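Tertiary structure, described
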Amino acid sequence: MMLLYYYFYAHMDQNKTIDKKTIWALCTLLAAGVFLRLWHLDYQSLWVDELYTIEEASTARSLKWLFHYLRTVDQHPPLYYLFLRLWLPITAYTEFALRLPSALAGTAAIYAIFLLGREFFNNRIGLIAALLATVNFFSIHYSQDGRSYIFIFLLSCISYTQLIRILKKPTLKRSLWYSLVSLVMIYTHYFSIFFLFGQVATVTVFFFIADAPTRVQYIKSFALSGIIIIIGYLPWIPSLLTVGEISAFWISPTPDTFLKDYFIEYFGNSGLLTPFLTVFLLLFLHKVFFSKYEKDINILNQPYTAAFIIILTWILGTCFIPYLRSLLVIPMLHPRYTTPLIPAYLIALAAGIYHIRNYAARVTLLVVFTIISLFDLVVVKKYYNDINKAQYREMTQFIIKHNPEKYPIVEQTWAWLHNYYFKRNNVTQNFIDQKKRVFIDSVMSLIKTQPVPDGFWFVDGHVYEELETDKRNYLETEYTQVLTRKYYGGWVELYYRNLGYDSVNNAWMILPKDFPVETTFAEGKQIAVWSNNPTPPSSNIVLPKGEYNIVVSAMGTDAKDTFAVLKVLMNGHVINEIQTTAEFDAYMKVIPIAQDTQVSFQLALQNNEEDPIKKKDRNAFVRFIRIKKLR
């Protein structure tokens, strides 16, 4: 907070005043920015990386564990997670609380890029850059993400603002603040180290352009900053070296078009915006290339030339080493890692727009660009309403609702992360951290000799583990798939043991063969329900006193745009009414049995009707009725 105060208030360049119109415009942009970043902030579940974050930020885990984990598994510097360890305990371990600092940082970045633009050029270009940042897709998206990417966007603005001030007039105070910002940045994300290499490239160019006295000042200022940064980062260098030993990573090979591809992706890969972005960049380059360079005037007083050098070294200097390492060692470039480059592009675009001399045309283009950006965000991408993050929260809610038996979840890799949502719902869930095929082989090898689970869940998040057909067929000789659901970035399957009676687990399976033959359908694999009259009863079973989960696997057909409603009767009494759909699904109902009772089941329709015009009839089909004693 002290750092932000210093840059946003106390350290503002007093030689450049801000008129009231600019202040009002900036306040409007900040209000719009905070709205766009807070709206539906907790609408989506935490995705896998955010689950990493909230686990690492938990004070239930020791700092020793955190540092070890950040070195060996989720390779990141510690500052962001240490901050969250202070923040979350006083707010809440929820989606909103986790993402709120990112939303506020994204809003602060709007003001930070305004200061950067005015440091490069003037208030007007700073304001245009702030407008572009307000509606920028990447800025909004990562302002609603519980990771550190938007913070390095913000810090890159602050860092280059201070760097330019040092280049203009080196002072001890500016060097110290630049060092502090740099340390905060490289303790926030490893890619910031390459960002500093970009700044070294920038300083090197200006060093050779400067006169002798200025070079001396530069050496003193940046040597001091370098020493402070190196000494300040010494405690974390062993962890950095450990990360450097990674020999396999999830990132795809980097194409030679990555600069262009990333640039378009920063704006949401919008085909509507691409023509505008191209024109604005060309306008900036036109102004640079056709401006006269005055050798006798300090290059920093020739803003377009200075900006071109800074932006070019900023982008190329930052990307050169990671791109080279991606080609020779291991891919390490990804669009979200390069968020510190976005301010450079926004400044170039803003300067290009400002170069349009026709005021009406300039304003019109800005308004159109803003409207299209919001249209693309809200209407085309449906950003605030469509799901684009893995639905761990929704998967958890579904499992809790349909798992009164507390069956274990087989989930490879992400189980300990997924457990966050179960703990938040005060549910103790048993996880089996195995691949599906390994679990299947293990269970099937024991099934004839030892007790095995009479039910289990297969859950996948982020990546789906496809089972081979023969492996699934092997499993279904002993188990029946009861439920399946597909979520965004998530998959859920429930299996029951298909024994008629499982005495060990107090479970019964009423199958088509347990009903009179005239009720069966599909070669005896289903029970057909044709009318509102109940079917003949199933075979009798004896249920001891207790509480039971009754599960019916059923589907229906429709007539007059309405599907069949299936009634389930036990000893002639309706215990469940099921609105069927076109696909088999499992319908659960927990009921008490007051005393030991002999029961049988019947099935009937509630709304049987034909549609003679379309030749449709409402019917229902049942695969099984399963009864499981809960307590």
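Residues numbered from 1 in each chain as written. Predicted model: local features only at pLDDT ≥ 70, side-chain atom pairs only at ≥ 80, totals over all residues. Heavy atoms only, no water.

**Brief notes about the overall build of the protein chain**
On a plain count of helices and strands, the protein chain comes out with 22 helices and 21 strands. A separation threshold of at least 6 residues defines the contact pool for the protein chain, and within that pool the share at least 24 residues apart is 77%. Total accessible area on the protein chain is roughly 28,400 Å²; 62% of this is exposed by carbon and sulfur atoms. (Helix = DSSP H or I, 4+ residues; strand = E, 2+ residues; numbered from the N terminus. Contact = heavy atoms within 4.5 Å. Areas by Shrake-Rupley, 256 points an atom, 1.4 Å probe, with all protein chains shown as cover.)

**Thoughts on the packing of helix α3 (residues 48–56) against helix α20 (residues 415–424)**
Look at α3 against α20: their axes get within 9 Å of each other, and the N-to-C directions meet at 75°. Put simply, α3 runs roughly perpendicular to α20. Residue-level contacts link V48, L51, Y52, I54 and E55 of α3 to W416, L417, H418, Y420, Y421 and K423 of α20. (Axes fitted to C-alpha atoms, helices over the stretch in contact; angles between N-to-C directions. Parallel < 35°, antiparallel > 145°, perpendicular 65-115°, else oblique.)

**Digging into the environment of F458**
Relative to the helices and strands, F458 resides in strand β3 (residues 455–461). For F458, a relative accessible area of 1% corresponds to the buried category. Separated by 47 residues in the primary sequence, F458 and E411 place their C-alpha atoms 6.3 Å from one another. Residues in contact with F458, not counting those within four places in the same chain, are V410, K436, F439, I440, L467, L475, W491, V492, E493 and Y495. (Buried < 20%, exposed > 50% of the residue type's maximum accessible area, 1.4 Å probe, protein only.)

**Examining the state of the cysteines**
Counted under the stated rule, the structure contains zero disulfides. Sulfur of C319: no disulfide; nearest cysteine sulfur belongs to C157 and is 16 Å away. (Disulfide = S-S within 2.5 Å.)

**Here's the deal with the packing of helix α11 (residues 191–209) against helix α16 (residues 303–328)**
At a minimum axis separation of 7 Å, α11 and α16 run at an interaxial angle of 140°. Viewed along their axes, α11 and α16 adopt a mutual orientation that is oblique. The two elements α11 and α16 meet at a crossing, and its hand is right-handed. Counted together, F191, F194, F195, F197, G198, A201, T202, V205, F206 and I209 of α11 and A306, I309, I310, T313, W314, G317, T318, I321 and P322 of α16 form the full contact between these two elements. (Left-handed = near helix turned anticlockwise from the far one by under 90°.)

**Structural notes on the sheet that holds strand β14 (residues 565–570)**
Sheet strands pair by backbone hydrogen bonding; their relative direction is either parallel or antiparallel. The sheet built from three strands is open, its strands ordered β15-β14-β18 with antiparallel pairing. If you trace the sheet from one side to the other, it starts and ends with β15 (573–579) and β18 (601–605), each paired once. Pairs of neighbouring strands in the sheet enclose a mean axial angle of 25°, with direction left out of account. Here six bridges tie β14 to β15, and the two strands are oriented antiparallel to one another. Paired with L569 across the two strands is V574, which belongs to β15. (Pairing = 2+ DSSP bridges.)

**Remarks on unusual backbone geometry**
You will see that N269, though not glycine, has its phi angle at about 55°, which is positive. Tracing the backbone through its elements, the reader meets N269 in the loop between α14 (258–266) and α15 (274–289). Despite not being glycine, E523 shows a phi value in the positive range, around 60°. Take E523: it is sitting in the loop between β8 (520–521) and β9 (526–529). Accessibility expressed as a relative area gives 79% for E523, which makes it exposed.

**Re helix α10 (residues 172–186)**
Spanning 15 residues, α10 covers 21 Å between terminal C-alpha atoms, matching the ideal 21 Å at 1.5 Å per step. For α10, the full list of buried residues reads R174, S175, W177, Y178, S179, V181, S182, L183, M185 and I186. (Expected span 1.5 Å × (residues − 1).)

**Examining the nonpolar core**
Core analysis: the biggest nonpolar cluster contains 154 residues, and F120, F206, F267, W314, L346, W457 and Y496 have the highest contact counts within it. With 15 residues, the top contributor of residues to this core is helix α6 (residues 95–120). Not counting residues within four places of it along the chain, the set of residues in contact with F267 comprises N136, F137, L273, L277, L346, L349, F369 and D376. Counting residues in each nonpolar core, the second largest holds 28 residues, with I510, L543, V599 and F601 among its members. (Core = buried A, V, L, I, M, F, W, Y, C linked by side-chain atoms within 4.5 Å.)

Don't take any of this as a statement about function, it's just geometry.
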